Amino acid sequence: MNGKKEKDTAKVTQLQIYSAQLENEKWTNITLLPFNNKNYSCEHPALSNDGKTLYFASNKPGGFGGFDIYKVNTSDFTSPQNLGELINTPKKEQFPFIDAEGNLYFSSNGHPGFGLLDVFIAKPTTNGFQKPDNVGLPLNSSYDDFAFYIDPKTKDGFFSSNRPSGKGSDDIYQIHETKPLIIEDCYQFLKGKVFDKTTQELLTNAKVVLFENEIVIDSLTTDATGAFSFKINCSSSFQVIATKKKYTKDEKSFNTSSRRKKENFAELYLLSEKAIAERKQQELDREKERLQKQKIEQEKAQQEQVKQIINNEPSIVTKNDKTFIETEPIYFDYDLWYIRKESRKTLNKVIALLQKYPKMKIEIGTHTDIRGNNNYNLELSQKRSDAVVEYFNENGINLERLKAVGYGETQPIIHCETEDSCTEEQHEINRRCEFVIKSFN
């Protein structure tokens, strides 16, 4: 008042709003409005078209933070009302302006924008205003843009900005509305193509399904170029899945930013059933080849192991493509199959060898002389072989490692034309037991 600045206790000059009357081209009756207070600012007054409501910005206590926008009835200018959290934020909302249609324009650095203060519009409702929208480029910039005004008849308007293209810090810019302001929700684009994973060819008529937050929102089929395109929301989560008959599916997930009209890209690769079958066959062939090589290597290793065992064990010999455990003769009495007492010591040596090589398997082959008929001798030799197997098993050798074969008189060591053409000693040599090694593993 009276041309002097007043400061609060923190020595800060707080802005205040006054009213005045124009009489004879002079302002008179300058009055401080009752909602002012020397401890906070009230600024940027704007009257509604009917003059019944005054809008202003203030950092008065009890707001949402920074500066908020208030309204007050001009009949008494008492009890200002905060426009609420739909308009106000914890940051700054300032420079209100009400156009002839009741739209509220204001500047804010608390609502999503291009940076610093941006101009927003909030359309009127029966009990307040809708959620505000950013009026967008080119009016807004990444700098402070504020103090917006437009004449509804001429469509000419003004705003202030500190953008670098100006003459100084804050400059006034003139605008002219060439077409109505259309506020769109923030959206982006998803573009992509679907390929055959094997041939890299583009796939036509592939079905592409778009999910937003796990809910299907759109679908289409790829065109002749294998391409697809969707319009999608900003600041959301998406998944796109491509399928085609006789192909496997492919999918991609991504999140969109708050940047308007950004283009996102996704390439999807489908694998054909034919390629899958060929791949499986190739895998089978490779596995077969691997097993074959493994088998060969194992056989080589086994052969080397067998060779080493034969070299290390004097009692193991190879004759006529057969490998034997060479022992002292094990004879059987004429027409009998029990094991002689003196033969058990020899059998125990074979048992010790079987215990030393626990994977070794042997054939126990027993033989008779030519006395008696062939069927009888076969039965007798089988009994003799079974008796040896029973003795081995009683001494801890698993039956699965043993094979009992009775050869009868079919494989003599000494050939006797008749029973009398050989001596008793020669007949006894033919009544023998042999141990043929069938495998070492």
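If you're wondering where the values come from, they're calculated on a predicted model, not measured in any experiment.

With that settled, consider the overall build of the protein chain. If you tally the helices and strands in the protein chain, you get four helices and 27 strands. For the protein chain, whose C-alpha radius of gyration is 52 Å, the value lies well above the compact-globule estimate of 22 Å for 441 residues. Taken along its principal axes, the extent of the C-alpha atoms in the protein chain is 165 × 60 × 40 Å. Within the span of the protein chain, comprising 441 residues, buried residues form 37% of the whole.

Here the structure, examined in full by the defined rule, presents two disulfides. Across a sulfur-sulfur distance of 1.7 Å, Cys-416 and Cys-422 are joined as a disulfide pair. Given an S-S torsion of about -110 degrees, the disulfide between Cys-416 and Cys-422 has left-handed geometry. Overall, the relative accessible area of 9% leaves Cys-422 in the buried class. Cysteine pairing for the protein chain (bonded cysteines numbered in sequence order): 1-2, 3-4. Left unpaired, Cys-433 is separated from the closest cysteine sulfur, that of Cys-416, by 19 Å. Residue class for Cys-433 comes out buried when judged on its relative accessible area of 7%.

As enumerated under the stated definition, the model contains 19 salt bridges in all. For Asp-369, the salt bridge is made with Arg-371, and the minimal N-O distance between the two is 3.0 Å.

This part takes up the sheet that holds strand β19 (residues 227-233). Strands belonging to one sheet form pairs held by backbone hydrogen bonds; the direction of such a pair is parallel or antiparallel. Within the open sheet, the three strands sit side by side as β19-β16-β22. Their pairing is mixed. Two strands bound the open sheet, and with one partner strand each, they are β19 and β22 (263-270). Each adjacent strand pair in this sheet contributes to an overall mean axis angle of 25 degrees, direction not counted.

Spatially, the four strands line up as an open sheet ordered β18-β17-β20-β21, and their pairing is antiparallel. Since the sheet does not close on itself, it has two edges, and those belong to β18 (215-221) and β21 (250-255), each with one partner. Between one strand and the next, the sheet's axes are offset by a mean angle of 20 degrees, whatever the strand orientation. Where strand β20 (residues 237-243) and β21 come together, six bridges link them in antiparallel fashion. By the bridge assignment for β21, Gln-239 is matched with Ser-253.

A separate point is the nonpolar core. Note on soluble globular proteins: their nonpolar side chains tend to be buried together. Ranked by size, the top nonpolar core spans 26 residues in total, and within it Met-360, Ile-362, Ile-364, Val-388, Phe-392 and Phe-435 carry the most contacts. Of all elements in the fold, only α2 (341-356), β25 (361-367), α3 (374-394) and β27 (433-439) reach the threshold of two or more residues within this core. Aside from chain neighbours lying at most four places away, what touches Ile-362 is Ile-325, Val-350, Leu-354, Phe-392, Arg-401, Leu-402, Lys-403, Phe-435, Val-436, Ile-437 and Lys-438. Ranked by size, the runner-up nonpolar core spans 16 residues in total, among them Val-194, Leu-210, Ala-242 and Ala-266.

With that settled, the discussion passes to the environment of Cys-416. Mapped onto the elements, Cys-416 comes out in the loop between β26 (402-408) and α4 (424-430). For Cys-416, a relative accessible area of 6% gives the class buried. A C-alpha to C-alpha distance of 36 Å links Cys-416 and Ile-397, two positions 19 residues apart in sequence. Discounting residues that sit within four places of it in the chain, Cys-416 has contacts with Ile-370, Ser-421, Cys-422, His-427 and Asn-430.

Our focus in this paragraph is the confidence of the model for the protein chain. Confidence in the prediction of the protein chain, expressed as mean pLDDT, is 92, and 97% of residues score 70 or more. The spread of mean pLDDT over the elements of the protein chain runs between α4, the lowest at 89, and strand β7 (residues 93-98), the highest at 98.

Each α-helix winds once per 3.6 residues, and so residues spaced three or four apart point in a common direction. In this model α3 runs 30 Å from its N-terminal to its C-terminal C-alpha over 21 residues, within 8% of the 30 Å that 1.5 Å per residue would give. For α3, the complete set of buried residues consists of Asn-377, Leu-380, Ser-381, Arg-384, Ser-385, Ala-387, Val-388, Val-389, Tyr-391 and Phe-392. For α3, the elements touching its buried residues are α2, β25, β26 and β27. Following α3 by one or two positions, Gly-396 adopts a phi angle in the positive range, close to 95 degrees.

Here we come to unusual backbone geometry. Between Leu-137 and Pro-138 the backbone carries a cis peptide bond, its omega angle lying at 0 degrees. If you trace the backbone, Pro-138 turns up in the loop between β12 (133-134) and β13 (145-150). The backbone of Asn-24 shows a phi angle near 50 degrees, a positive value even though the residue is not glycine. A relative accessible area of 77% means that Asn-24 is categorised as exposed.

Tallied over the full model, the rule gives 15 aromatic pairs. Seen in terms of ring centroids, Phe-56 and Tyr-70 are 5.8 Å apart; in terms of plane orientation they differ by 15 degrees. Their pairing is stacked. Of this pair, Phe-56 sits in strand β4 (residues 53-58) while Tyr-70 sits in strand β5 (residues 68-73), and the two are 14 residues apart along the sequence. The exposure class of Phe-56 is buried, given its relative accessible area of 1%. Exposure remark for Tyr-70: the relative accessible area of 4% places this residue in the buried category. A centroid spacing of 5.9 Å and a plane angle of 20 degrees characterise the contact between Phe-392 and Phe-435, whose relative ring orientation is stacked. Here the residue Phe-392 occupies a position in helix α3, and Phe-435 occupies one in strand β27, the gap between them amounting to 43 residues. Phe-435 carries the same exposure label as Phe-392, and that label is buried. An aromatic cluster is built from Phe-97, Tyr-105, Phe-148 and Tyr-149, whose rings are joined through pairwise contacts. The ring of Tyr-173 has Arg-163 sitting right over it, with the charged end atom 5.5 Å from the ring centre.

Procedures and definitions
Residues numbered from 1 in each chain as written. Predicted model: local features only at pLDDT ≥ 70, side-chain atom pairs only at ≥ 80, totals over all residues. Heavy atoms only, no water. Helix = DSSP H or I, 4+ residues; strand = E, 2+ residues; numbered from the N terminus. Rg over C-alpha atoms; globule rule 2.2 N^0.38 Å. Buried < 20%, exposed > 50% of the residue type's maximum accessible area, 1.4 Å probe, protein only. Disulfide = S-S within 2.5 Å. Salt bridge = Lys/Arg side-chain N within 4 Å of Asp/Glu carboxyl O. Pairing = 2+ DSSP bridges. Axes fitted to C-alpha atoms, helices over the stretch in contact; angles between N-to-C directions. Core = buried A, V, L, I, M, F, W, Y, C linked by side-chain atoms within 4.5 Å. Contact = heavy atoms within 4.5 Å. pLDDT = per-residue confidence, 0-100. Expected span 1.5 Å × (residues − 1). Phe/Tyr/Trp six-rings, centres within 6.5 Å; stacked < 30°, edge-to-face > 60°. Lys NZ or Arg CZ within 6 Å of the ring centre and 35° of its normal.

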